[in-house]
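# Fold and geometry: a report
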Amino acid sequence: MPESKTLHYPNARHLSQLFCGSEDNLLHVERTLAVRLTTRDEWLKIDGAPEGVAKAEEFFTLLNAGRTQGLAMRTPDFARLLDNYTKDGGASLRALFNEPLVITTNRKSVVPKTIGQKMYLQAIQKNPIVFGIGPAGTGKTYLAMASAISALLKGQVQRIVLTRPAVEAGETLGFLPGDLREKILPYLRPLYDALHDMLDPVDVTTLSEKGVIEIAPLAYMRGRTLANAYIILDEAQNTTPEQMMMFLTRLGDESRIIVTGDITQIDLPRAKLSGLVQAPRILRNIPGIDFHHFTASDVVRHPLVQKIIEAYEQAKSTEPIGPQ
């Protein structure tokens, strides 16, 4: 026997945010859950078989829980969440939305701003190795740093190791002024900036001097085994497959690895394959290794950054980008 349920919200804008203001998203729910949806002002009416109505009600209730946590949602998120909901009966969405997620550091508390960011942080908490792949401005490196610092402050690990490949993007290290440390500092500066955003400068200096926080080029990782550590490889798109394998095999007991990078910003010579491009194909079926892919909808910088990324992604299909 058909059933009807009406969900009420504070205002029309609040309701619109749940389906990203897109009628197509409502149609997607109707087709997927076999219900009929009607919206007017601040209410949403669900009609259909009891099972479908109950599922649609829970789906929108969970989306509302995410909205109240301050998580921004765009159409790609909506489609992904609906797909996940139908696959596991809502288990993943309940895990995603029922508990707020806050990463605490000395200077600030870091809260995910998008659905993608929260899924990324949950993956980091569950898996020894996580890849965060996506465009600039999605917070993939910043959230990895926050997770590492929080784990250190809680005593979950004894040290943090931060590394980047020192790839020469149009410049030659040998011609830069200064000693080795001064030559590689520009490559590592973004990691220092993130550290200072989350820890007091004195703490950064003290922990660095004691070796509790180590920042070094990727080449310095060779031959080491890092136990009880949080290890982050940034700008991983500029690693070769050999370097990626070398890095991942540094994992020691009670350690965690996070690999971040943007495969649209590869500075390697054209003849060299990126280790970040190859890794998902080789490692995707190994339990304990998770690949989280960010999209332009996860960008939390200036709104123009998201539009720039989308424009370049669209241009890829019509014209080559880069040197010819």
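It should be emphasised that the depicted structure is a prediction, and the values quoted were computed from it without experimental measurement.

## A word on the packing of aromatic side chains
Summed over the entire model, instances satisfying the criterion amount to five aromatic pairs. Ring plane angle 75 degrees and centroid distance 5.6 Å describe the contact between F59 and F60, whose orientation is recorded as edge-to-face. Assessed through its relative accessible area of 0%, F59 is described here as buried. With centroids separated by 5.5 Å and ring planes inclined at 85 degrees, the aromatic side chains of F59 and F78 adopt a geometry described as edge-to-face. Placement of F59 in helix α3 (residues 50–68) and of F78 in helix α4 (residues 75–88) is noted, with a sequence separation of 19 residues between them. An aromatic cluster is defined as three or more aromatic residues linked by ring pairs; in this entry it consists of F59, F60, F78 and Y85.

## Side note on unusual backbone geometry
At A34, a residue that is not glycine, the phi angle is positive and equals roughly 55 degrees. Turning to its location among the elements, A34 is positioned in the loop between α2 (23–33) and β2 (35–40). Positive phi, normally seen in glycine, also occurs at E235, with a value near 55 degrees. Along the chain, E235 falls in the loop between β9 (229–233) and α10 (241–248).

## Observations regarding the sheet that holds β9
Taken in spatial order, the six strands line up as β8-β7-β9-β10-β6-β11 in an open sheet, and their pairing is parallel. The open sheet is flanked by β8 (213–217) and β11 (289–293), the only strands paired with a single partner. Pairwise comparison of adjacent strand axes, ignoring direction, gives a mean angle of 15 degrees for this sheet. Here β9 pairs with strand β10 (residues 256–261) via four bridges, running parallel. Considered in β10, the bridge of I232 is made with I258. Here helix α11 (residues 275–283) sits on the sheet and contacts β6 (129–133), β10 and β11; the angle it forms with β6, its principal contact strand, is near 135 degrees.

Quick notes on the rules
- Residues numbered from 1 in each chain as written.
- Predicted model: local features only at pLDDT ≥ 70, side-chain atom pairs only at ≥ 80, totals over all residues.
- Heavy atoms only, no water.
- Phe/Tyr/Trp six-rings, centres within 6.5 Å; stacked < 30°, edge-to-face > 60°.
- Buried < 20%, exposed > 50% of the residue type's maximum accessible area, 1.4 Å probe, protein only.
- Helix = DSSP H or I, 4+ residues; strand = E, 2+ residues; numbered from the N terminus.
- Pairing = 2+ DSSP bridges.
- Axes fitted to C-alpha atoms, helices over the stretch in contact; angles between N-to-C directions.
- Contact = heavy atoms within 4.5 Å.

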